[in-house]
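Structural characterization, general
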Amino acid sequence: MSGKLVIYPGTFDPITNGHISLISRALKIFDKLVVAILNNHKKVPLFSLDERMAMLKEVLKGYPNVEIDTFKGLLVDYVLQKKSNVIIRGLRALSDFEYEFQMALMNRKLKQEVQSVFLMTDYKWFYTSSTIIKEAASMNGDISGLVPPVVCRKVKEKYGFPDVPNKSK
Ligand code: PNS
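Before going into details, it helps to say that this report is about the structure given with it. On a predicted model such as this, the values are computed, not experimentally measured, just so you know. (Residues numbered from 1 in each chain as written. Predicted model: local features only at pLDDT ≥ 70, side-chain atom pairs only at ≥ 80, totals over all residues. Heavy atoms only, no water.)

Re the nonpolar core
Val35 and Leu60 are the most contacted members of the largest nonpolar core, which has 32 residues in total. Elements with a minimum of two residues in this core: β1 (5–10), α1 (17–26), β2 (32–38), α2 (49–59), β3 (66–71), β4 (86–91), α5 (130–138) and α6 (149–158). With 5 residues, the single largest contributor to this core is α2. Those residues in contact with Val35 that lie beyond four places of it in its chain are Tyr8, Phe12, Ile23, Leu56, Leu60, Val66, Glu67, Ile68 and Asp69. Membership of the second largest hydrophobic core comes to 12 residues, among which are Ile7, Val34, Ala36 and Phe71. (Core = buried A, V, L, I, M, F, W, Y, C linked by side-chain atoms within 4.5 Å. Buried < 20%, exposed > 50% of the residue type's maximum accessible area, 1.4 Å probe, protein only. Helix = DSSP H or I, 4+ residues; strand = E, 2+ residues; numbered from the N terminus. Contact = heavy atoms within 4.5 Å.)

Below is the structure:
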């Protein structure tokens, strides 16, 4: 497909509604988006790479201009290899800013031709992250509405809790 391609990198452990919101909005600016899952993360993920790929494929199957891929090594090398020159990331609360700024500057130092673009998250996802969602779920907290239903089931399964719909809603 021709048109402007953007790379959306991350751990996606697991994908959240915040990620999906960013993808939908990015597709209003770019023609095609590659979700690039990091394959050599320092942290041990809850979900294996294959499990994350499968979840991403499932929840993003309605998006024809989205490709799911994995990458190893430097992100900027991967971006150029995909014949793109743009990275997109979401910005949530202030706490994201320093980390994102640092990464964007390092990426620019490594490859000047690669640009980083940031979209502010929707206010609904301002304080949610895969990490905090996993923490709540690990203690049987209700995470529905923060992740797609299929992801909600998989996270609960991982922590050994049955997926009982929350009746208080
Ligand atoms: O979802 P995350 O964990 O915040 O994503 C972080 C990610 C994957 C974007 C970042 O760790 C990354 O780009 N890793 C690849 C190595 C790299 O290029 N690092 C940045 C410059 S040193």
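Some remarks on the packing of aromatic side chains
Within this structure, the stated rule accounts for 4 aromatic pairs. Each ring, one from Phe126 and one from Tyr127, has its centre 5.1 Å from the other, and the planes form 80 degrees; the classification is edge-to-face. Relative accessible area serves as the criterion here: at 66%, Tyr127 is assigned to the exposed category. (Phe/Tyr/Trp six-rings, centres within 6.5 Å; stacked < 30°, edge-to-face > 60°.)

Things to note about α5
Here α5 has its buried residues at Ser130, Ile133, Lys134 and Ala137. Within α5, the buried residues cover an arc of 100 degrees as seen down the axis, which keeps them to one side. Those residues of α5 hidden inside the fold are in contact with α1 and α6. Where α5 ends, the next residue or the one after it, Asn140, has phi of about 65 degrees, a positive value. (Arc of directions from axis to C-beta.)

Side note on the site of the ligand
Surveying the vicinity of the ligand reveals 14 residues, the closest of which are Gly10, Thr11, Leu75, Arg89 and Tyr99. Within the side chain of Tyr99, an N or O atom sits 3.4 Å from an oxygen atom of the ligand. Protein coverage of the free-state accessible area of the ligand, which is 550 Å², stands at 76%. Those elements giving two or more residues to the shell around the ligand turn out to be β1 and α4 (94–110). (Near = heavy atom within 4 Å. Polar contact = N/O pair within 3.5 Å; in protein donor to acceptor, adjacent residues only side chain to side chain. Areas by Shrake-Rupley, 256 points an atom, 1.4 Å probe, with all protein chains shown as cover.)

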